[in-house]
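# An overview of the molecular structure
Here's the letter readout for the chains.
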Amino acid sequence: MVSTQPASRPSPAIVRGARVLVVEARYYDELADALLDGARGVLDAAEAETTVVTVPGALEIPAAIAILTEAATRAGQPYDAAVALGCVIRGETGHYDIVAGESARALMDLSVARLLPLGNGILTVETEAQAFARARVSEMNKGGGAAEAALAVLALKRDASAAPVGED
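Values in this document were obtained by computation on a predicted structure and should not be read as measured data.

Cut-offs used in this document
- Residues numbered from 1 in each chain as written.
- Predicted model: local features only at pLDDT ≥ 70, side-chain atom pairs only at ≥ 80, totals over all residues.
- Heavy atoms only, no water.
- Buried < 20%, exposed > 50% of the residue type's maximum accessible area, 1.4 Å probe, protein only.
- Helix = DSSP H or I, 4+ residues; strand = E, 2+ residues; numbered from the N terminus.
- Pairing = 2+ DSSP bridges.
- Right-handed = clockwise from strand over helix to strand, strands pointing away.
- Core = buried A, V, L, I, M, F, W, Y, C linked by side-chain atoms within 4.5 Å.
- Contact = heavy atoms within 4.5 Å.
- 1 Å grid on protein atoms, 1.4 Å probe; cavity = no way out; pocket = protein on both sides within 12 Å on 5 of 7 lines; lining within 4 Å.
- Points joined across faces, edges and corners; volume = space filled by probe spheres on them.
- Salt bridge = Lys/Arg side-chain N within 4 Å of Asp/Glu carboxyl O.
- Polar contact = N/O pair within 3.5 Å; in protein donor to acceptor, adjacent residues only side chain to side chain.

For strand β4 (residues 118-125), the tally of buried residues reaches six of eight residues, placing the bulk of the element in the interior. Sheet topology places strand β3 (residues 81-89) next to β4; eight bridges connect them, and they run parallel. Its bridge partner being in β4, Val 83 is matched across the sheet by Gly 119. Note that the unit made of β3, helix α3 (residues 95-114) and β4 has a crossover that is right-handed.

Ranked by internal contacts, the top residues of the largest apolar core, which has 29 residues, are Val 20, Val 83 and Leu 85. Elements with a contribution of two residues or more to this core: β1 (19-25), α1 (29-45), β3, β4, α4 (128-135) and α5 (142-162). The biggest single contributor to this core is α1, with seven residues. Among all residues touching Val 20, those that are not within four sequence positions of it are Leu 43, Ala 48, Glu 49, Thr 50, Thr 51, Tyr 79, Ala 81, Ala 82, Val 83 and Leu 151. Of all hydrophobic cores here, the second largest spans 22 residues; its members include Ala 66, Val 99, Ala 100 and Ile 122.

On to the environment of Gly 121. By secondary structure assignment, the location of Gly 121 is in strand β4. As for Gly 121 and Ala 147, which are separated by 26 residues in sequence, their C-alpha atoms are 8.0 Å apart.

Moving on, we come to empty space enclosed by the protein. Per the counting criterion, the structure on display carries one cavity of 30 Å³ or more. Roughly 40 Å³ of internal volume is contained in the largest cavity. Forming the boundary of the largest cavity are Ala 25, Tyr 27, Tyr 28, Leu 31, Ala 32, Gly 86 and Cys 87. When contributions to the lining of the largest cavity are tallied by element, the ones reaching two or more residues are α1 and β3.

Once that is clear, we can look at the pattern of salt bridges. Taken as a whole and assessed by the stated rule, the structure comprises twelve salt bridges. Between Arg 26 and Asp 29 there is a salt bridge, and its shortest N-O distance comes to 3.3 Å. Given the relative accessible area of 21%, Arg 26 is considered partly exposed. A relative accessible area of 45% places Asp 29 in the partly exposed class. The partner of Arg 105 in a salt bridge is Glu 102, and the shortest N-O contact between them spans 2.9 Å. A residue pair is termed a helical-turn pair when its members lie 3 or 4 positions apart in one helix, as Arg 105 and Glu 102 do in helix α3 at three residues. Taking relative accessible area as the criterion, Arg 105 reaches 42% and is therefore assigned partly exposed.

Let us look at the side chain of Ser 111. For Ser 111, the location among the structural elements is in helix α3. Judged by relative accessible area, Ser 111 falls into the buried class, the value being 16%. For Ser 111, the side chain forms a polar contact with the main-chain oxygen of Leu 116, separated by 2.7 Å. When near neighbours in sequence (up to four residues on either side) are disregarded, Ser 111 contacts Leu 116 and Leu 118.

Limitation: the analysis is restricted to geometry and does not speak to function.
Take a look at the structure:
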């Protein structure tokens with residue numbers, strides 16, 4: 001049987017003091033609260049300086065991250081990582097596929113193009129019950145998982161930046 005849990009999770013302590021941008025979609029308020037609770041728990045444990053910004057829905061998250069990370073960099077206070085939080089629940093139309101796919105694609109493009117450690121905590125589920133099971137800290141804690149992912153990639157980025165360049 002394949003485990004649904006990773007063998008071990010990275011410690012948030014390895015990136016203490018990081019500046020992290022959290023952009024949350026409030027389309028489903030109670031789910032957004034649960035996702036944010038999970039992310040805040042992990043970021044607080046890492047003693048991260050956290051900025052939380054709210055947007056209406058999942059499709060607005062990538063643009064908000066791009067705008068805000070660029071503005072922070074111009075101001076001389078760049079973010080070290082970002083976390084995207086939201087939920088897309090399948091409905092009766094094909095809109096779900098567009099929102100789920102395009103938000104994930106845009107986040108991946110943004111992360112790779114800007115070398116921005118980014119945790120994708122946008123749930124894509126069939127039902128509200130599935131969403132709550134994934135969002136609640138006491139259950140799957142996907143908000144916390146997204147924050148952990150962003151911090152793990154940030155630790156990798158910091159380690160890579162500190163590593164000596166090999167000789168030819």
